[in-house]
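Listed below, chain by chain, are the residues.
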Amino acid sequence: MHGDSLHGDGGKKDRLNFVEQEIEKDLQSPKLVGKTFISRFPPEPNGYLHIGHAKSICLNFGLAKSYGGRCNLRFDDTNPSKEEQEYVDSIQNDVRWLGFEWDELHYASDYFEQLYDWAVQLIKAGKAYVCDLTSEQTREYRGTLTVPGKNSPFRDRSVEENLTLFEEMRAGKYPNGARTLRAKIDMAAPNVNLRDPVMYRILHAHHHRTGDKWCIYPMYDWAHGQSDSIETITHSICTLEFEDHRPLYDWFCNELGIYHPRQIEFARLNLSYTVMSKRKLLQLVTEKHVSGWDDPRMPTISGLRRRGYTPESIRLFCEKIGVARFYSTIDMGVLESSVREHLNAVANRVMAVMNPLPITITNYPEDQVELMEAVNNPEDASAGTRQIPFSRNLLIERDDFMENAPKKFFRLTVGAEVRLRYGYIIRCDEVVKNAAGEIVELRCTYDPETRSGAETATATRKVKGTIHWVSAQHAIDAEVRLYDRLCMNENPEDVPAGKTFLDNLNPDNLKVVTAKVEPALKTAKAGDRFQFERTGYFCVDPDTTADKLVFNRTVSLKDSWAKEMSKT
RNA sequence: UGCCGGGUGGUGUAAUGGUAACACUACUGAUUUUGGUUCAGUCAUUCAUGGUUCGAGUCCAUGCCCGGUAGCCA
């Protein structure tokens, strides 16, 4: 799968997170000694996976790998009104893309019959009853955080009556919301989850897998622990907001007398400069603030994939952020540094000019074209080299020229020399402007003794700066989508009254430009990733066609010059 | 106001009663035909107070602050 550091060489990671520490203790306890560790990733198929899910995926599958165990993929499909096959498919695709393969594929809906039988068992034991209270009444009877609840008037129905009613509920005799099956626990429990929680609700809805077979559906609490139990999950790892549900999880397993997994909770991921809740992501899509779930600005797995993130970079990120019980926000910079780290090692370099400024090498022969040899990846000799055409008329980046340059500007300015990457050293002699006073061309001369690759002292003489370029007649056009952070603020949810996170969207999170790129890119295929030298990492978007190249900026390179400039 | 869980640099994560470590960020400096990469270095007495101890980020007590929780959602 992947070379993670945890137990990577059969050895142990020097630092264990709290989940690993608990697991190691458990694995030596009498209950589990000699047993195989089994976890599961249990998404509800009601949306696309995002980077927060990636944390859970890496944790669950990673743990299984570390401890020589197994990890299942289980769809928690207990609420047919929100779930769709489309989501089931995308989730499987995303998990695989991240580099993981589940041992068993399950659906909570596969356990509906067993869950029903267990409910009957609880009714017979006098531990569950059919309640006729409406949802509003149920809420009133539950009490509040500080006031204990009171018993439902239906709490003491006979076992026989409960059995009949529950059977009729299943048979479809009652409309939505008419009755529920509830566990008989304690209406005065300080933990509200224990105040006779609902186990089944009536829902005449079509389920994406069971069709119209059922009209009663189990609640999360009634389905989750038992599903874990059926699959003999040893460790059921979930997020912190389920912490208060653990006593209920335990209660059901105990009352049923079935295999009892251990639930462990960790803090879910929050990322700065973006939003993570499904509701908000859905809103971005439906209100067209982005082009879809896979828009490169979205923190979804599909969005990150389209943006150019690699599975390795996301796994690396998950490894970096750790796992704890403290509710924290990870800086987007950590995600960005992860993808830079991986792409720096594997992405081939290429030259692309985003905002072209024509230059003419006046002493270079009109019809001459030389092929210059360029290294594809200085970090990886096996990536080889390629040939780039050099000619009299070139295009450079507008930002690489300044008429009145400050002292530390190491690029092109009148009278100064600069190295053209993999080309020659040139000097700018003259600036050509149009009637409006805009710079339209630079006239330069080159030093023929400085051809790249030659080993002579004159050829290797140093100049302060090196800039990228393309040959005007050879370059090809490409649409480049310059993506930036989705939101302007570190915490987009932090808004004044009356505003929403939408007011914090970064208006500059996408700029589209037409760039001139070197001819070698002609054959680039969707998904290919490159480093545009001195600029950033880019990938080929699926919108690319035979006659139109489209690139997405994954992330810019670190830019200490821009940083220097912004100081003043 | 009940119950549950948390507070370690700018941000995260470690340290399991014994030298507060690692990563990201930032800032120095070196290297560099990418102002990239790489390398070297700088940046904290652990929420507060008291206690136990030869020794406390870690154990105890009290306080303060933060988060979760009252769906027939998951």
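About the cut-offs
- Residues numbered from 1 in each chain as written.
- Chains lettered and ligands numbered in written order.
- Predicted model: local features only at pLDDT ≥ 70, side-chain atom pairs only at ≥ 80, totals over all residues.
- Heavy atoms only, no water.
- Pairing = 2+ DSSP bridges.
- Helix = DSSP H or I, 4+ residues; strand = E, 2+ residues; numbered from the N terminus.
- Buried < 20%, exposed > 50% of the residue type's maximum accessible area, 1.4 Å probe, protein only.
- Contact = heavy atoms within 4.5 Å.
- Axes fitted to C-alpha atoms, helices over the stretch in contact; angles between N-to-C directions.
- Salt bridge = Lys/Arg side-chain N within 4 Å of Asp/Glu carboxyl O.
- Near = heavy atom within 4 Å.
- Polar contact = N/O pair within 3.5 Å; in protein donor to acceptor, adjacent residues only side chain to side chain.
- Nonpolar A, V, L, I, M, F, W, Y, C, P; charged D, E, K, R; others polar.

Q: Looking at this model, I keep getting lost on the sheet that holds strand E19 (residues 466–467). Mind explaining?
A: Two strands in a sheet stick together by hydrogen bonds in their backbones, pointing the same way (parallel) or opposite ways (antiparallel). Read across the sheet, 7 strands follow the order E19-E16-E17-E18-E12-E15-E20 without closing on themselves; strand pairing throughout is mixed. Each having just a single partner strand, E19 and strand E20 (469–471) make up the two edges of the open sheet.

Q: I keep staring at the side chain of Thr234 and nothing clicks. Help me out?
A: One can find Thr234 in the loop between helix H7 (220–230) and strand E8 (235–239). For Thr234, a relative accessible area of 5% gives the class buried. Here Thr234 is in contact with Leu32, Thr36, Phe37, Ile38, Tyr259, Pro261 and Arg262, once residues within four sequence places are set aside.

Q: Would you take a moment to explain the sheet that holds strand E7 (residues 216–218) for this structure?
A: The strand order across the open sheet formed by 4 strands is E4-E5-E6-E7, and the pairing between neighbours is antiparallel. Among the strands making up the open sheet, the edge pair consists of strand E4 (128–131) and E7. Across the sheet, the axes of successive neighbouring strands diverge by a mean angle of 20°, strand direction being ignored. Here 3 bridges tie strand E5 (residues 180–183) to strand E6 (residues 198–202), and the two strands are oriented antiparallel to one another. Within E6, the residue paired with Thr180 across the bridge is Arg201. Seen against the sheet, helix H6 (residues 159–171) touches E4, E5, E6 and E7 and runs at an angle of roughly 60° to E4.

Q: Help me understand the pattern of salt bridges, please; the structure alone is not making it clear to me.
A: When the charged atoms of two side chains with opposite charge come close together, those side chains can pair. Tallied over the full model, the rule gives 45 salt bridges. We note a salt bridge from Asp295 to Arg297, for which the minimum N-O separation is 2.9 Å. With a relative accessible area of 2%, Asp295 lands in the buried category. Between Asp541 and Arg306 there is a salt bridge, with its nearest N and O atoms 2.8 Å apart. Here Asp541, found in the loop between strand E24 (536–540) and strand E25 (550–556), pairs with Arg306, found in helix H10 (residues 301–307); they are 235 residues apart in sequence, far enough to count as distant. Judged by relative accessible area, Arg306 falls into the buried class, the value being 17%. One salt-bridge network, in which partners are shared between bridges, spans Asp294, Arg306, Glu479, Arg481, Asp541, Asp543 and Lys548.

Q: What exactly am I supposed to notice about the protein's contact with RNA strand B here?
A: RNA strand B sits among 70 residues. The nearest are Arg15, Gln21, Leu133, Arg349 and Ser452. Put simply, 63% of the atoms of RNA strand B that lie within 4 Å of the protein are in sugar or phosphate. A distance of 3.0 Å separates a sugar or linking oxygen of RNA strand B from a polar atom in the side chain of Glu243. Measuring from a base oxygen of RNA strand B, one finds a side-chain N or O atom of Ser452 at 2.4 Å. Listing elements by their share of the surface near RNA strand B, those giving two or more residues are helix H5 (135–142), E6, helix H11 (311–321), helix H12 (332–346) and helix H13 (560–567). Considered class by class, the residues forming the surface near RNA strand B number 22 nonpolar, 22 polar and 26 charged.

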